[in-house]
Amino acid sequence: MNQLVCTTCRSTYPLTEPIWRCACGGLLDLQFEAAIDRAALATRKPTLWRYREALPVRELVSLDQGYTPLLEIEVAGRSVWIKQDQLFSTGSYKDRGAAVLIGHVQALGVRQVVEDSSGNAGCAIACYCARAGIDCTVYVPASTSPAKVAQIEAYGATLCRVPGTRQDTADAVLAAAETTYYASHSWNPFFFHGTKTFAYEVVEQLGWRAPDTVVLPAGNGTLLLGAAIGFRELLAVGAIERLPRLVAVQAGRCAPLYRAFHGLPEAAPEPAPATTVAAGIAIPKPVRGPQILDAVRESGGTILAVSEQEIARALQTTHRQGFFIEPTSAATIAGVAQVVWDAAAGEVMVSVYTGHGLKAAGKH
Ligand SMILES: [Zn+2]
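Note that this is a predicted model, so its numbers are computed, not measured. (Residues numbered from 1 in each chain as written. Predicted model: local features only at pLDDT ≥ 70, side-chain atom pairs only at ≥ 80, totals over all residues. Heavy atoms only, no water.)

1. Here we look at helix 3 (residues 120-132)
- Look at helix 3: 18 Å from first C-alpha to last across 13 residues, which is about the 18 Å you get at 1.5 Å a residue.
- Extensive coverage of helix 3 is indicated by the burial of eleven of its 13 residues.
- For helix 3, the set of buried residues is Asn-120, Ala-121, Gly-122, Cys-123, Ala-124, Ile-125, Ala-126, Cys-127, Tyr-128, Cys-129 and Ala-132.
- Check the buried side of helix 3 and you find it contacts helix 2 (94-108), strand 6 (112-115), strand 7 (135-141), helix 4 (146-154) and helix 6 (189-195).
- Remark: Gly-133 follows helix 3 within two positions and exhibits a positive phi of approximately 70°. (Helix = DSSP H or I, 4+ residues; strand = E, 2+ residues; numbered from the N terminus. Expected span 1.5 Å × (residues − 1). Buried < 20%, exposed > 50% of the residue type's maximum accessible area, 1.4 Å probe, protein only. Contact = heavy atoms within 4.5 Å.)

Shown next as structure tokens:
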């Protein structure tokens, strides 16, 4: 049965309930029975909506997005398959989650949402709200640079600048979310049922087989948790025979998941997001942290930390190969460069370019 399930108290809600967390305050997951119609795929457009039997919403808010190219690229002397998710309309993989979440919002009849991201998630939510004609307010710290929020404003979203720290912004959006639907890329489970299409596309593009290893960024875990859902569903319907090993990559300067996974004490003082160029994955307290650790453990994978020097090297190398990506994307490729040395001959490894370089151009 398809329903929302609280990860804390196990309460359930129908999908039509316009909520983003449980009455007890717990995180909601989406219990969803996915299916796949491989015969029908041959006649469908190359977009993420081709997996409609696996998606909890209809194609209501669409830019014909998805099915990004999967290219074989050399990283540290080894061949790796890299999804070109920097090519989405808003310039990052976050389109996957926003298309499905805002489609759900549209189906609910909700006309107004709030979100709190000055980065790629805020851009994607603002874009799909613009397409759907939904009123969108994005909360950001007052200190956020105008360049960083220019794309969000261009889509017509209202910016709410909150004085003080990032925590003050989080508190302000949670207060607003008491009365307005919270289209959160970390809380809202529908977002993850959009990002899961990454796994469906990879498996189809590899000729209906699972890769051995998938290397993904981990900040809030929006792509990694989505991919984990997707691979589990593909296993459940018999489209693949085993789960790939998930390798999560964090920036060493803000690596709470890396520290927890390896049993290291928490960083003191608090990890400082501002000190890494990989700002998109610098999340000191990811709300789905325990789920990320579980997903990586279940797959037999690991969590890596990469240095600023490794990120800078990966960024330059990738640019010189002809791919213009943003610095956060390069952190993942730096992680790939670490693990390819341990890869067995013939191992199929997949990773991703998460965001376009134009996002960060001229903002340093
Ligand atoms: Zn609950």
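2. Quick notes on empty space enclosed by the protein
- In the structure shown here, the tally under the stated rule is one cavity of 30 Å³ or more.
- One number sums up the size of the largest cavity: a volume of about 70 Å³.
- For the largest cavity, the full set of lining residues is Ala-228, Phe-231, Arg-232, Leu-243, Pro-244, Leu-246, Ala-295, Glu-298 and Ser-299.
- Of the residues forming the lining of the largest cavity, the biggest block, three residues, is contributed by helix 8 (residues 222-236).
- Among the residues forming the lining of the largest cavity, the class breakdown is six nonpolar, one polar and two charged. (1 Å grid on protein atoms, 1.4 Å probe; cavity = no way out; pocket = protein on both sides within 12 Å on 5 of 7 lines; lining within 4 Å. Points joined across faces, edges and corners; volume = space filled by probe spheres on them. Nonpolar A, V, L, I, M, F, W, Y, C, P; charged D, E, K, R; others polar.)

3. Some words on the sheet that holds strand 3 (residues 28-31)
- With antiparallel pairing, the three strands of this open sheet are ordered in space as 2-1-3. The sheet is open, and its two borders are formed by strand 2 (12-13) and strand 3, each paired with just one other strand.
- The sheet contact formed by strand 1 (residues 3-6) and strand 3 spans four bridges and is antiparallel. Across the sheet, Val-5 pairs through a bridge with Asp-29, a residue of strand 3. (Pairing = 2+ DSSP bridges.)

4. A few points about the state of the cysteines
- Under the definition given, this model contains zero disulfides.
- Distance from the sulfur of Cys-136, which forms no disulfide, to the nearest cysteine sulfur (Cys-129) is 4.2 Å.
- We classify Cys-136 as buried; its relative accessible area is 5%. (Disulfide = S-S within 2.5 Å.)

5. Overview of the sheet that holds strand 7
- The strand order across the open sheet built from four strands is 8-7-6-9, with neighbouring strands paired in parallel fashion. The open sheet has two edge strands with one neighbour each: strand 8 (158-162) and strand 9 (181-182).
- Note: strand 6 against strand 7, four bridges, orientation parallel. Bridge pairing in strand 7 places Gln-112 opposite Asp-135.
- Of the strands in this sheet, strand 7 and strand 8 are in contact with helix 4, which crosses strand 8 at around 145°.
- Together, strand 6, strand 7, strand 8 and strand 9 form the strand contacts of helix 5 (residues 166-176), whose direction differs from that of strand 7 by roughly 155°. (Axes fitted to C-alpha atoms, helices over the stretch in contact; angles between N-to-C directions.)

6. A short note on the pattern of salt bridges
- Applying the stated rule across the entire model yields eleven salt bridges.
- The shortest N-O distance in the salt bridge between Glu-204 and Arg-50 comes to 2.7 Å. Taken together, the positions of Glu-204 in helix 7 (residues 197-205) and Arg-50 in the loop between helix 1 (38-41) and strand 4 (70-75) put the pair 154 residues apart, joining distant regions of the chain.
- Exposure remark for Arg-50: the relative accessible area of 6% places this residue in the buried category.
- Note that Glu-201 is salt-bridged to Lys-83, the shortest N-O span being 2.6 Å. Here Lys-83 lies in strand 5 (residues 78-83) and Glu-201 lies in helix 7, a separation of 118 residues in the sequence. Of the two residues, Glu-201 and Lys-83, both sit in the buried class.
- Several salt bridges share partner residues, and in doing so they unite Lys-83, Asp-85, Arg-96 and Glu-201 into one network. (Salt bridge = Lys/Arg side-chain N within 4 Å of Asp/Glu carboxyl O.)

7. Let's talk about the coordination of the zinc ion
- All of the protein donors around the zinc ion are Cys-6 (SG), Cys-9 (SG), Cys-22 (SG) and Cys-24 (SG); their distances to the metal are 2.3 Å.
- Each donor residue of the zinc ion lies on one chain, and together they are spaced C-x2-C-x12-C-x1-C. Taken together, the positions of Cys-9 in the loop between strand 1 and strand 2 and Cys-22 in the loop between strand 2 and strand 3 put the pair 13 residues apart, joining distant regions of the chain.
- For Cys-22, a relative accessible area of 4% puts it in the buried group. (Donors = N, O, S within 2.8 Å, 3.2 Å for Na, K, Ca; no water.)

8. Notes on the pairing of strand 5
- One ladder, built from six bridges, connects strand 4 with strand 5; its direction is antiparallel. Counterpart to Ile-73 in the pairing with strand 5 is Val-80.
- In sequence, strand 4 turns back onto strand 5 through a hairpin of two residues, with Ala-76 there showing a positive phi of about 50°.
- In the sheet, strand 5 pairs with strand 13 (residues 349-352) via three bridges, with the strands oriented parallel. Looking at the pairing, Lys-83 lines up with Val-352 of strand 13.

9. So, the layout of surface pockets
- Size it by volume and the second largest pocket reaches roughly 520 Å³.
- In this structure, the second largest pocket is lined by 23 residues; those nearest its centre are Asp-29, Leu-30, His-193, Ile-229 and Arg-232.
- The greatest single-element share of the lining of the second largest pocket, amounting to five residues, is contributed by helix 8.

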